[in-house]
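The primary structure of each chain is shown beneath.
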Amino acid sequence: MSVTRRLLLAACVAIVLAPTAHADDALDLRLRHLESGLRCLVCQNQTLAESDADLAADLRREVRELALAGRSDDEIRHYLVARYGDFVLYDPPLKPVTWLLWFGPFALLAVGAAAWVAVGRNRRRSRPDGAAEFEAEARRLLRAGATAPAEAGSGDAARKPLDA
Amino acid sequence: MTLKPLRWLIPVVVFAVIAGFLYAGLFRDPREVPSPLVGKQAPAFSLAELHAPDRHLSPADMRGQVWLLNVWASWCVSCREEHPLLVALAKTELVPIIGLDYKDKPGDGRAWLTDNGNPYAKSVMDTDGRAGIDWGVYGVPETFVVDRAGVIRYKQIGPLTEQALKQTILPLVRRLQAS
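Residues numbered from 1 in each chain as written. Chains lettered and ligands numbered in written order. Predicted model: local features only at pLDDT ≥ 70, side-chain atom pairs only at ≥ 80, totals over all residues. Heavy atoms only, no water.

Trainee: What is the right way to read the state of the cysteines from this model?
Mentor: What is meant by a disulfide is a covalent connection between two cysteines, made through their sulfur atoms. Under the definition given, this model contains 1 disulfide over all chains. Put simply, C76 of chain B and C79 of chain B are joined by a disulfide, and their sulfur atoms are 2.2 Å apart. One quick way to see it: the torsion about the S-S bond of C76 of chain B and C79 of chain B is about 95°, and its sign makes the bridge right-handed. There is no split in this pair, since C76 of chain B and C79 of chain B are both buried. Looking at the unpaired C40 of chain A, the closest cysteine sulfur is the one in C43 of chain A, lying at 3.4 Å. For C40 of chain A, a relative accessible area of 1% corresponds to the buried category. (Disulfide = S-S within 2.5 Å. Buried < 20%, exposed > 50% of the residue type's maximum accessible area, 1.4 Å probe, protein only.)

Trainee: Help me out: how do you make sense of helix α2 (residues 77-92) of chain B in this one?
Mentor: Residue and element names in this part refer to chain B. In the structure, α2 departs most strongly from a straight axis at H83, where the bend amounts to approximately 40° and where the proline P84 lies between one and four residues downstream. Buried within α2 we find C79, E82, H83, L85, L86, V87 and L89. Buried residues in α2 make contact with β3 (67-72), β4 (97-102), α3 (106-116), β6 (142-146) and α5 (162-178). The first or second residue beyond α2 is E93, which carries a positive phi of 55°. (Bend = angle between axes of the 7 residues up to and from the residue. Helix = DSSP H or I, 4+ residues; strand = E, 2+ residues; numbered from the N terminus. Contact = heavy atoms within 4.5 Å.)

Trainee: Would you mind going over the pairing of β6 of chain B with me for this structure?
Mentor: Along any regular strand the residues' side chains alternate between the sheet's two faces. All names here are of chain B. Burial runs high along β6: 5 of the 5 residues are buried. In β6, alternate side chains face the same way, and those of E142, F144 and V146 on one face and T143 and V145 on the other are all buried. Bridge count for β3 against β6 is 5 bridges, and the pairing is antiparallel. By the bridge assignment, W67 is partnered in β6 with V146. By the bridge criterion, 5 bridges tie β6 to strand β7 (residues 152-157) in an arrangement that is antiparallel. The partner of T143 across the bridge, within β7, is Q156. Turn length for the β6-β7 hairpin, with the two strands adjacent in sequence and antiparallel, is 5 residues, and the turn residue G150 shows positive phi of about 85°. (Pairing = 2+ DSSP bridges.)

Trainee: In this structure, what is going on with the pairing of β3 of chain B? I would like to understand it.
Mentor: Extensive coverage of β3 of chain B is indicated by the burial of 6 of its 6 residues. Going residue by residue along β3 of chain B, you find W67, L69 and V71 of chain B tucked away on one face and L68, N70 and W72 of chain B tucked away on the opposite face as well.

These results come straight from atomic positions and should not be treated as a statement about function.
Right, dumping it as structure tokens:
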């Protein structure tokens, strides 16, 4: 085939396909979005969208056909869950068996916060023996220091020989 | 605080709980995803038989008897591993085994059975893998136990082992046959 013929053929193909291209793009986008939320059962840390596994390709074909048949995203998800279980969903559904999964971290956070508050309160309440006397003494000394600037001055004078 | 003497127990208990979970996790196979189909009616299919493509078999034809569905393929490496067990099981005639030749070329499947022995009462061809998807198959080989009413009672993911057969599958089959 000559180059011009090939170009002509390509142009024909492009013209024929052009009207459907837009709808296909929208479907592709929708499917890619849907498939990125679904797990590939064979390579479990990959989504259906990115997996090269044979089964993933078959499931993508199945998902596409269901979408073309007019099924909603939820119906398609349900189709897969009915066969493979909740494990295919990257977002586990909220139900009694997954409560621990969903609320566990918040429960741990609450326990941690409660412990933190309790320890803080405890520490404030239980003070070492003699703390009150020590504090009173410290206050007295501070007050005394504030009203006796001469003492501070003499301290400076005493240090001078060392500086020189 | 009154609990003070026992306070050292808190980290010990937390450690024990975490260690317990992690230890249990060592013996769980993440590839074994529990099937939602166990306890449900076996999904229907009507597929051509491997050795008689003009005849079709469907799970409804097996009504009234306990049977096994074994998903296999000539390209499947670990199927070789379990195959002698299936051949031995077929010889005992305890339970009929139906083979689902998953995504295989019919010629390859037939040749493989000729070479390795054919434990199957019948094998059907799931060339495009659709029946496999309906049965939630994701790792060949897989084996299902189906009861008289056509309800899936058990699913073995991966090759059968002597232990699985003796301790789980055969006792279950006997129990289902007795009921």
